[in-house]
Amino acid sequence: MGMASADLSKIQAVVFDLYNTLCANTRASWIETFTQICQMEGLQMDPADLYNHWKELELSTRVDRVNLDDLSLTREFIPYRDVWERCFVEIFGYFQFDANAAAAASLCIDGMSHRPLFPESEEVLDVLRSRYKIGLLSNADESFLRPFLVSTKLSFNAAFSSERVGAYKPHPSGFIAIAAELGVETHQILFVGDTLRDDILGAQRVGMKTAYVVPDNSTATEGFPVPDLRIKTVRGLLDFL
């Protein structure tokens with residue numbers, strides 16, 4: 001489903017989010033990683049329970065990490081590796097596990113560098129590449145984004161991680177940086193992503209058009225700007241571009 005009124009005639013570039021937009025990043029994949037962590041460290045705990053505790057802590061680190069009301073109050077950028085290691089230190093301490101937090105974080109990074117592409121992603125990128133510049137802007141560390149791009153052989157005119165930019169979406173700096181690297185104005189870009197705050201709000205705040213990838217029929221965008229397009233997978237872009 002899309003919104004036919006969206007004027008995409010001036011679009012010269014399409015920039016994508018990565019995880020849950022072009023590739024899957026499922027809870028099951030994370031449980032698999034936490035199973036490896038429990039085996040590696042000899043932890044007598046259900047990996048799903050350990051993940052649930054760790055994820056709750058990890059999500060709490062994201063709250064207000066970007067202050068859109070006053071960007072000067074945005075917290076200092078910390079890459080995921082360091083955030084994840086700190087979360088493991090706290091969780092292992094809580095459960096009184098004698099375990100290696102850095103090694104656990106490394107397994108998470110390895111897992112993130114091997115997530116499976118959605119079946120339509122390569123075809124859609126190939127079609128769009130013949131008509132538009134193609135970019136990638138992901139809240140990711142270089143340590144898992146670059147291996148992912150190498151292993152999947154995905155190519156972009158520009159691909160930026162939050163670590164390279166030094167800011168997480170929805171901070172405007174990443175969106176502005178990718179536009180500059182592509183050599184187009186922000187209003188000439190369609191940004192494609194699966195999160196309303198990080199992707200849609202972040203892109204719209206710098207003047208980009210937006211396509212919201214939402215697999216179900218949810219139309220809830222309460223408190224957020226309405227995206228220009230709503231699609232179930234990136235294949236839906238081909239109906240409009």
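Residues numbered from 1 in each chain as written. Predicted model: local features only at pLDDT ≥ 70, side-chain atom pairs only at ≥ 80, totals over all residues. Heavy atoms only, no water.

*Asks:* What exactly am I supposed to notice about the overall build of the protein here?
*Replies:* A count of helices and strands for the protein gives nine helices and six strands. Relative to the 2.2 N^0.38 estimate, which gives 18 Å for 241 residues, the radius of gyration of the protein is 18 Å and therefore close to what a compact globule would have. Along the first, second and third principal axes, the C-alpha atoms of the protein reach 60 × 40 × 35 Å. Residue burial in the protein is summarised as follows: out of 241 residues, 51% are buried. In the protein, once contacts between residues fewer than 6 apart in sequence are set aside, the share between residues at least 24 apart is 64%. Looking at the protein as shown, the accessible area adds up to about 11,300 Å², and 49% of this sits on carbon and sulfur atoms. Of the charged side chains in the protein, 22 are positive and 33 negative, and the gap between their average positions amounts to 6 Å. (Helix = DSSP H or I, 4+ residues; strand = E, 2+ residues; numbered from the N terminus. Rg over C-alpha atoms; globule rule 2.2 N^0.38 Å. Buried < 20%, exposed > 50% of the residue type's maximum accessible area, 1.4 Å probe, protein only. Contact = heavy atoms within 4.5 Å. Areas by Shrake-Rupley, 256 points an atom, 1.4 Å probe, with all protein chains shown as cover. Lys, Arg positive; Asp, Glu negative; His and termini not counted. Charge placed at Lys NZ, Arg CZ, Asp CG, Glu CD.)

*Asks:* How should I be thinking about the nonpolar core in this particular structure?
*Replies:* Within soluble globular proteins, side chains that are nonpolar generally end up buried alongside one another. By size, the foremost hydrophobic cluster in this structure holds 62 residues, and its most contacted members are Phe16, Trp84, Phe88, Val192 and Leu237. Apart from residues no more than four positions distant in its own chain, leucine 237 is found in contact with Phe16, Val124, Leu128, Leu190, Val192, Ala211, Leu229 and Ile231. Ala13, Val15, Phe191 and Ala203 belong to the second largest nonpolar core, which has 15 residues in total. (Core = buried A, V, L, I, M, F, W, Y, C linked by side-chain atoms within 4.5 Å.)

*Asks:* Sorry, what's going on with the sheet that holds strand β1 (residues 13-16) here?
*Replies:* Each strand in a sheet pairs with another by means of backbone hydrogen bonds, the pair being arranged parallel or else antiparallel. In spatial order, the strands read β3-β2-β1-β4-β5-β6; together these six strands make up an open sheet with parallel pairing. Lying at the two open borders of the sheet, with one neighbouring strand each, are β3 (158-161) and β6 (229-231). Each strand of the sheet is rotated relative to its neighbour by a mean of 20°, with strand direction disregarded. Bridge count between β1 and strand β2 (residues 133-138): four bridges; the pairing is parallel. Note on β2: the bridge partner recorded for valine 15 is glycine 135. (Pairing = 2+ DSSP bridges. Axes fitted to C-alpha atoms, helices over the stretch in contact; angles between N-to-C directions.)

*Asks:* Looking at this structure, how should I read the pairing of β2?
*Replies:* For a regular strand, side-chain orientation follows a simple rule: the groups alternate between the two sheet faces. Within β2, five of the six residues are buried, which leaves it mostly tucked inside the rest of the structure. As judged from the four bridges shared by β2 and β3, these two strands associate in the parallel manner. Each bridged residue has a counterpart across the sheet, and for serine 138 the counterpart in β3 is serine 161. Handedness of the crossover is the feature at issue here: the chain leaves β2, passes through helix α6 (residues 142-152), returns alongside β3, and the resulting connection is right-handed. (Right-handed = clockwise from strand over helix to strand, strands pointing away.)

*Asks:* Got a minute to help me understand unusual backbone geometry in this structure?
*Replies:* The general pattern is negative phi for most residues beyond glycine and trans for most peptide bonds. Backbone torsion omega between lysine 169 and proline 170 reads 15°, so that peptide bond is classified as cis. The residue asparagine 20 is not glycine, and still its phi comes out positive at about 70°. Residue placement: asparagine 20 occurs in the loop between β1 and α1 (27-41). The class for asparagine 20 is partly exposed, based on a relative accessible area of 31%. Even without glycine at this site, glutamine 96 takes up a positive phi of about 55°. Within the secondary structure, glutamine 96 is located in the loop between α3 (80-94) and α4 (101-112).

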